[in-house]
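Secondary and tertiary structure notes
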Amino acid sequence: MPRFRSLVTAAILMACSSFLFAQSSDTLNYFARDPQQPIDHQYTQHIKQYTTEPYFNSPLTDYLPASKTVPTPEAVLGDVSGAPNTLPYAETVYKYFRLLAKSTPRVRVYTIGHTEEGREMIAVAIADQPLLDQQQANNARLAKLADPRTIHMDDRVAAQLEKQSYPVYYITGTIHSIETGAPTALMELAYRLAVDNSPYIQYIRSHMIVLITPVVEVDGRDRMVDIYRWHRAHPNEQWPHLLYWGHYVAHDNNRDAMGMSLDLTRNVLNTYLDWHAQVLHDLHESVPFLYDNTVGDGPYNAWIDPILTGEWQQLGWNNVQTMTQLGMPGVFTHGDFDTWSPGYLMFLAAMHNGISRLYETFGNGGADTEKRILDPDEYERTWYKPNPPLPETMWSQRDNNNYEETALLSTLSYFSHHGSEWLQNYYLKSKRSVEKPSLAGPAAYVIYPDGASSRRVALLQVMKLQHVEIQRLSQPFTITQKPDIQNQPNAPAVTTTIPAGSYVIRMDQPYSRIADALLDRQYWAPDDPQKHPYDDTGWSFPDLFGVHTLRVTDDGILKAPMTPVPSVAALEQKQADQTLTGGGIVAVDQKGEISLLGLRYAMKDAKVSIADASFNAAGHSFHAGSLLIQDADETKLRDALHVADLQGITLATMPNVKMHVAPLPRIAFMHTWLTTQTEGWWRLAFDKLHVPYAYISTQTVAKEQDLRSKYDVIIFAPVSYVSDEQIIDGMPMWGNPIPWEKSPITPNLGRIDSTADMRPELGLDGLQHLKSFVSQGGLLITSESTARFAIDEGMAPGVFMNQTSGTRVVGSVLNATPMSAGPVLAGYRGNFGVYSESGMTFAISNEMVRQYVPTQQDYKRPTGRGGPNAVDTPEARPPAPQVVLPSPEPWQATPLNIEQTRNNPWVIPVADRPQVLVRLGPANGLLLSGLLVRAGNIANRPVVVDAHYGSGNTLLFAINPVYRGETIGTYPLVFNAILNFDRLNQVAQ
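Residues numbered from 1 in each chain as written. Predicted model: local features only at pLDDT ≥ 70, side-chain atom pairs only at ≥ 80, totals over all residues. Heavy atoms only, no water.

Per an unreviewed UniProt entry, the protein chain carries the name Putative lipoprotein and comes from Acidobacterium capsulatum.

Check the secondary structure of the protein chain and you find 30 helices and 38 strands. Relative to the compact-globule value of 30 Å for 989 residues, the protein chain shows a C-alpha radius of gyration of 31 Å, a close match. Along the longest, intermediate and shortest principal axes, the C-alpha atoms of the protein chain span 105 × 70 × 70 Å. Residue burial in the protein chain is summarised as follows: out of 989 residues, 61% are buried. Total accessible area computed for the protein chain in this model is approximately 38,000 Å², and 51% of it derives from carbon and sulfur atoms. One way to put it: in the protein chain the 78 positive side-chain charges average out to a point 4 Å from where the 101 negative ones average out. (Helix = DSSP H or I, 4+ residues; strand = E, 2+ residues; numbered from the N terminus. Rg over C-alpha atoms; globule rule 2.2 N^0.38 Å. Buried < 20%, exposed > 50% of the residue type's maximum accessible area, 1.4 Å probe, protein only. Areas by Shrake-Rupley, 256 points an atom, 1.4 Å probe, with all protein chains shown as cover. Lys, Arg positive; Asp, Glu negative; His and termini not counted. Charge placed at Lys NZ, Arg CZ, Asp CG, Glu CD.)

Within the secondary structure, Glu725 is located in helix α26 (residues 724–729). In this structure, the C-alpha to C-alpha distance between Glu725 and Arg934, residues 209 residues apart in sequence, is 31 Å.

Turning to the nonpolar core, a few remarks are in order. Judged by nonpolar contacts, the single largest core of 273 residues is most densely connected at Ile505, Leu599, Ile781, Phe842 and Leu956. Sort the elements by how many residues they give to this core and helix α9 (residues 182–195) lands first, with 9 residues. Ignoring any residue separated from it by four or fewer positions in sequence, one finds Ile505 in contact with Ala444, Tyr445, Ile447, Leu460, Met463, Val468, Glu469, Ile470, Ala515 and Leu519. Counting residues in each nonpolar core, the second largest holds 14 residues, with Phe477, Ile479, Val552 and Leu558 among its members. (Core = buried A, V, L, I, M, F, W, Y, C linked by side-chain atoms within 4.5 Å. Contact = heavy atoms within 4.5 Å.)

Let us now look at the packing of aromatic side chains. For the coordinates displayed, the defined rule picks out 40 aromatic pairs. On the numbers, 5.0 Å between centres and 85 degrees between planes, the contact of Tyr55 with Phe56 is edge-to-face. Following the ring pairs from residue to residue traces out a cluster consisting of Tyr55, Phe56, Phe289, Phe362, Trp395 and Tyr403. In this structure, Lys385 is placed above the aromatic ring of Phe332, and the distance from its NZ or CZ to the ring centre is 4.3 Å. A cation sits over an aromatic face here: Arg919 above Trp891, 4.0 Å from the ring centre. (Phe/Tyr/Trp six-rings, centres within 6.5 Å; stacked < 30°, edge-to-face > 60°. Lys NZ or Arg CZ within 6 Å of the ring centre and 35° of its normal.)

Moving on, we come to α9. End to end, α9 covers 20 Å across 14 residues, agreeing with the expected 20 Å (1.5 Å per residue, within 8%). By the criterion of burial, α9 is predominantly enclosed, with 14 of the 14 residues buried. (Expected span 1.5 Å × (residues − 1).)

Another point: the pattern of salt bridges. Summed over the entire model, instances satisfying the criterion amount to 39 salt bridges. For Arg119, the salt bridge identified is with Asp222, shortest N-O distance 3.1 Å. Residue Arg119 is found in the loop between β1 (107–114) and β2 (120–126), and its partner Asp222 is found in helix α11 (residues 218–233); the two are separated by 103 residues along the sequence. Each member of the pair, Arg119 together with Asp222, is buried. Bridged by salt links that share partners, the residues Glu117, Arg119, Asp219, Asp222 and Arg223 form one connected network. (Salt bridge = Lys/Arg side-chain N within 4 Å of Asp/Glu carboxyl O.)

A separate point is the pairing of strand β23 (residues 648–651). Taking every second residue as pointing to the same face, both faces of β23 are buried, with Gly648 and Thr650 on one and Ile649 and Leu651 on the other. Sheet analysis places strand β18 (residues 585–588) next to β23, joined by 4 bridges and oriented antiparallel. By the bridge assignment for β23, Val586 is matched with Thr650. (Pairing = 2+ DSSP bridges.)

Here strand β3 (residues 168–173) lies mainly inside the structure; 6 of its 6 residues are buried. Here β3 shows a buried face lined by Val168, Tyr170 and Thr172 and a second buried face lined by Tyr169, Ile171 and Gly173. Here 5 bridges tie β3 to strand β4 (residues 209–213), and the two strands are oriented parallel to one another. Looking across to β4, one finds that Tyr170 is bridged to Leu211. As defined by bridge partners, β3 adjoins strand β5 (residues 279–285) across 5 bridges and the pair is classed as parallel. Residue Gly173 lies in a different strand from β5, and its bridge partner there is Leu283.

A few words now on the packing of helix α13 (residues 306–325) against helix α16 (residues 397–416). Where α13 meets α16, the closest approach of the two axes is 10 Å, and the angle between their N-to-C directions is 125 degrees. In terms of orientation, α13 lies oblique with respect to α16. Of the two elements, α13 crosses α16, and the hand of that crossing is right-handed. Two secondary-structure elements touch here, α13 through Gln314, Leu315, Asn318, Asn319, Thr322 and Met323 and α16 through Tyr403, Thr406, Ala407, Ser410, Thr411, Tyr414 and Phe415. (Axes fitted to C-alpha atoms, helices over the stretch in contact; angles between N-to-C directions. Parallel < 35°, antiparallel > 145°, perpendicular 65-115°, else oblique. Left-handed = near helix turned anticlockwise from the far one by under 90°.)

Within the secondary structure, Thr678 is located in the loop between β25 (667–671) and α24 (679–688). Thr678 gets classed as buried once you look at its relative accessible area, which sits at 9%. Not counting chain neighbours up to four residues away, the residues in contact with Thr678 comprise Pro718, Ser720 and Asn960.

What follows deals with unusual backbone geometry. Following Pro288, the chain continues into Phe289 via a peptide bond in cis, with omega recorded as -20 degrees. Summarising the element assignment, Phe289 is placed in the loop between β5 and β6 (290–292). The omega torsion of the bond from Gly441 to Pro442 falls at -5 degrees, within 30 degrees of zero and hence cis. Locating Pro442 in the fold gives a position in the loop between α17 (419–434) and β11 (444–447). Of note, the phi angle at Asn85 is positive, near 70 degrees, even though the residue is not glycine. The residue His334 is not glycine, and still its phi comes out positive at about 75 degrees.

See below:
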């Protein structure tokens, strides 16, 4: 009840702020257009024609002012923004913005980067010309507010800068390619901001800069327009779903704000920080009619500044109140979106001292005008949705544009009247970030210079991409601090000496907040009121990257001698070069590196061997799995080591250790035509680490009888939300073929892969071909849903899904234990963190079918003599020998006795039984980060298993080892298996 009252109070306060903002005039009068300015009558008439109901528009957008010199969107669209049957390519959108920039000094266009496929991304700045002319000077002032150290944390200087400066509001559209309305809405919004002489718009453009990136996912936008064009050309047929959005991932492109793996994320963050914007506002379309999820729901992210929560409430509730006053139904905030994960694009602002905002409007996935029927939970009235959407309505793209533009114009107006407040908060959040060591803490994080260099560099590179400053200790330094343990305030302090060369992420810097959020651990309470986490609940990067990291609360660390690190890779390369002295043999240690496989391909012309055991040479210790490179071009090898972030040691002679030739495995990724969302993260990792592969579909496998002659390894990465039946049978074959291929009307399809018909999938023939591939000595790598598929379809004898009840895991980091000294675990020593989406684990058996085998745990003594633990002895016969039932560990198969194996064809021969490679840790300490309920159900259970099928292997992951660029620490499990695909049954010494 108190939580409800606080939210209602917030709503009332925000509504009051909106009322105060209107002051002496009502909302309609405040937003009234300039009666002296002519309107474009034809354009205005089309707005009215394409709006399906009068209440789906507002006085802010029910007209368009006319201009003799500035073109409207009709100049490139052939009709108004939001017109039916019209969906422009990104190039057309850009063409319009550049026409605007040529016709008015109030608009300027900038290239901010390119996508993975080379398409341009732009940002459009809109304001009065004096503001744009002074933008560099304003930016310099904002930079000082963003980094208060430059003004010596002087509040008086900051106050003067705030008075002299004007804020920047950054709007981004169409990161999700199936959400199609934002580009045309933003085209028309830009025209209004540049041309309209309404007093409220004049005030906006004279008091702030509006920055717009109209298309974030440009690759996906162009493919979506292709699909819509195909749909328009085939009006009575089923059209393709958007299989590929970006080059790698689909919906998850809005989950990259932590790992920074995608070009679009980097481009948006760099633009946001280069302009020192105060807001990043992302536009989406999946909720009727407008959900301002700025306010969201709990739990809020634990690392944001409390000022931000107030800004969310202030902007969100004002937006709702204004649009409600304008009579537009279905506008609400709050909702069920928790604001916990920092992985969303908008959260780049929240983690860099700005304001994150997001709209969900209603879209039709194209420009058709359609009747939409809502579900009850979408139109039912709640306390935060007093004027809910209608249960049924005709909905158009123009309706969508009306809502987006009205919401943006009203919020920009409110924002412009409170510019000094946002700038003051911007400065205060930045200042408090610098003051973090003396406020909430910690003082710093230390990343030790030990372990796998490629994983360490990967973590530090993420920090760099997040614009976090990195220092390096010049000499050893000793700290003293109390352990981070709840309810033990009197625990003795611990003294630790940090070695020279360690990396230090100081918390007395402007972007300490994002570093703290990524390097710390997270805890989602099992009894938290929010029962439906929106995304991952844990993401602790030191655990997921497998990098030795220390959270330091002793602020003495800030006085330690250290130097800035402008380039982590360059520094590591400089050190690595010192050990390459020239010669015929170079050893590269296996410490669980992520780039050894890529190095092997880079040095394909050299003689490369893999050590089967550990050895010592040239004053260094090397682990089993280390590479020994001979007869390599020295320059080529040095460059390859630089790219791989690895250190090579020159040896005088070949070490006396058992070894084998490192193969060059022929790898294929197999994808479905159902979804490529999750496997895209795998492809991205392989591309970044320079591991070559063929890209084939289930249809290819169905046609190719002899897969083994072409490939050594087939990777079947997770396929989300599909069944085994769908993987085999595909989509229903009634109706028309559904193509995914390049054509005159779909020039952007078929670039990654193509088919004349998306409906067929693996089929029974393809399943048999896949089984034959494995049985003939191939390696099939599976994860999560595809591991379940391999088990269900008989390619993993003796492995079953562990059935649990009541266990809850939602994107958490769990503690795992290596169980084998074999090649897959090469470089792993001790427990490590793994990403678990839902708590999936395996069960192991010595039989191919799952049959009940009694164990000591199952035994319950019968009624008889003695107490509960006594032995029952029947009368009139000698006591029988006591039978001790087996007591296997959770990761073990239950042993079978002679009776159970007698004439039992399902018993798997010993040599062919599955091998558990990794299991989860015990219940106590199983959770490293996130949410875990009923740990005992999955504790100690297998999560990585090598199953033997014929002469080959099926590698099963119950975890996702390659996920969102965040699970670097488990990449080597996959790469080691590939590099040793033909030796998985041999155990390293």
